[in-house]
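# Notes for the structure review
The chain contents come next:
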Amino acid sequence: MKKLLSVASAALALTTVLTSCSAFVRDIRISGDTAPTSAPSATVTKVPVSSADVTYYTPAAGLDPKTALDQLADTDCEGDIFLIATVTSDNIGKNPIWQTEDMATYASAAARISAVSDKYNLKIAPFTLDYDKLVPTLAENIKNYAYTADLLVVPASLAETLISEKLVLNLSRTAFFDRTAYFFDSSVTDFYNGVDCFAVYGDALCPPEATLCVYYNKKLADSVGAGDLFSLCKNGKWELDSLVSLAEKGSLASDIPLSYLIQSIYGRTYSEIFAKDGSLSKPDKEMSAILDGITGRLGEKLITENAKETFKKGESLFYIGRIDEAAELAGTNDAWSLLPIPSATADEKADYPTVYDNREEKWLFLVPKDAAISERSVQVMSALCAATCDEAKIDLRKSLYGYMRTNDARIMLDLALAIGTRRSRD
């Protein structure tokens, strides 16, 4: 018999791991064969609300989790168990929802689970399966009218299989779902869906540690007459041409594809940049012309091999890399600072684009067909994203502060992470 998750098994596992002070529990691992069971009992009243009827609060800069959660509809689930199924494998990155204690954003992730649990009076817990076992396990449970989990958090590569196998719900037909809510990323969500919506990408899944920034060697900046880059950036005049003009004199090192960076800077959508398999699409004619112009200007000053090592040796003015690489760069001999990715043109509002490492696989939310109550699953998914706010970025900032050699680097860290503001993302 297929191994199935029963409510009794989940309840027994939770008894051993729940504490009175936190809903961020350890992993549930199921062993032994169990008979198919019905979904757990629920006390949620199903209100006939369509997604079009839901109006979400539009956040101001620096919105806090409590205020964000207060804008969402309340539901008392009377202490029900709510399982979020996820997967593990040697070939996938770290889960953004169920984080390990070694991750810089662990504290905010734990607080987020706790806040959502308190709002809906739920006991939220993870259920982890091997990457290759989620699809067959879910399929077997659905076939036998058995419960697996209320929400799925999986890499995009697995999400498409779940959708094609018809194992997940069409959220467009579910109450409380608003595809246009500010805490969902429409560019990425639209890429994986059509008119119907099965997979969702939102704030809770964005990895701030994968944010790209521009590191610069302060000694080389002085030698090429770069001027006060800190003030240039603060005044909204840090634009792509500024980067290229200075790189012509002092070089630019990056192992991030220039085509990806340029398209992101110019606001191309996720679907315009990426193919379905996660590879980069060929830039359109306009972007190709811009890219050719930049690569032509830089010539040998564009360093794409051993880019980080070149910067660490003091042989390149700029290095475009992940913001969490600051820890590794702290040991370099030359003093450095950092800047956000530049804007396409000067912007007095200093609204610089947030661009993530293109090698970072996206994780997505999906609701399995055997979820206890689909509306509740949508509410928890939405709440996790709404409650994210700046908390993960603030956690990361704390972990990186010690590696910043100058005060201006610390200030630029806030700007690169977009702390206290909301801006467009890749």
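In this report, we go over the structure that sits alongside the text.

Reading the values: the criteria
- Residues numbered from 1 in each chain as written.
- Predicted model: local features only at pLDDT ≥ 70, side-chain atom pairs only at ≥ 80, totals over all residues.
- Heavy atoms only, no water.
- Pairing = 2+ DSSP bridges.
- Helix = DSSP H or I, 4+ residues; strand = E, 2+ residues; numbered from the N terminus.
- Axes fitted to C-alpha atoms, helices over the stretch in contact; angles between N-to-C directions.
- Contact = heavy atoms within 4.5 Å.
- Core = buried A, V, L, I, M, F, W, Y, C linked by side-chain atoms within 4.5 Å.
- Buried < 20%, exposed > 50% of the residue type's maximum accessible area, 1.4 Å probe, protein only.
- Salt bridge = Lys/Arg side-chain N within 4 Å of Asp/Glu carboxyl O.
- Phe/Tyr/Trp six-rings, centres within 6.5 Å; stacked < 30°, edge-to-face > 60°.

Read across the open sheet, the four strands follow the order β2-β1-β3-β9; overall the sheet is mixed. What marks the edges here is a single partner per strand, and that holds for β2 (122-130) and β9 (363-366). Adjacent strand axes in the sheet meet at a mean angle of 20 degrees when their direction is disregarded. Against the sheet, helix α5 (residues 156-164) contacts β1 (80-88), β3 (151-155) and β9, and its axis sits at roughly 125 degrees relative to β3.

Ranked by size, the top nonpolar core spans 130 residues in total, and within it L162, F318 and F365 carry the most contacts. A per-element tally of this core places helix α15 (residues 374-386) first, with seven residues. Not counting the four nearest positions on each side in its chain, F365 is found in contact with I97, L151, L152, V153, F198, A199, V200, A204, L205, M381, L384 and C385.

Okay, the pattern of salt bridges next. Under the criterion given, the structure shown has 23 salt bridges. Between R359 and D357 there is a salt bridge; the shortest N-O distance is 2.8 Å. Classification of D357 as buried rests on a relative accessible area of 5%. In this structure, a network of salt bridges that share partners links the residues D255, R322, D324, D357, R359 and E360.

As a further point, take the pairing of strand β4 (residues 212-217). Counting buried positions along β4 yields six of six residues, so the element is predominantly enclosed. Where β4 meets strand β7 (residues 318-322), five bridges bridge the pair, whose relative direction is antiparallel. In the sheet register, L212 faces β7, and the bridge partner there is R322. Here β4 pairs with strand β8 (residues 336-340) via five bridges, running antiparallel. Note on β8: the bridge partner recorded for Y215 is L338.

Here we come to the packing of aromatic side chains. Aromatic ring pairs are defined here through the distance separating the ring centres and the angle between the ring planes. Evaluation of the coordinates by the stated rule reveals 12 aromatic pairs. Judged by centre distance (5.9 Å) and plane angle (35 degrees), the ring pair of F177 and F184 falls under tilted. As far as burial versus exposure is concerned, F177 and F184 are alike and both buried. With a centroid separation of 5.0 Å and 70 degrees between ring planes, the pair formed by Y182 and F183 is classed as edge-to-face. In this structure, Y182 and F183 share a single accessibility class: buried. Three or more aromatic residues joined by ring pairs make a cluster, and in this case those are F191, Y192, Y260, Y270 and F274.

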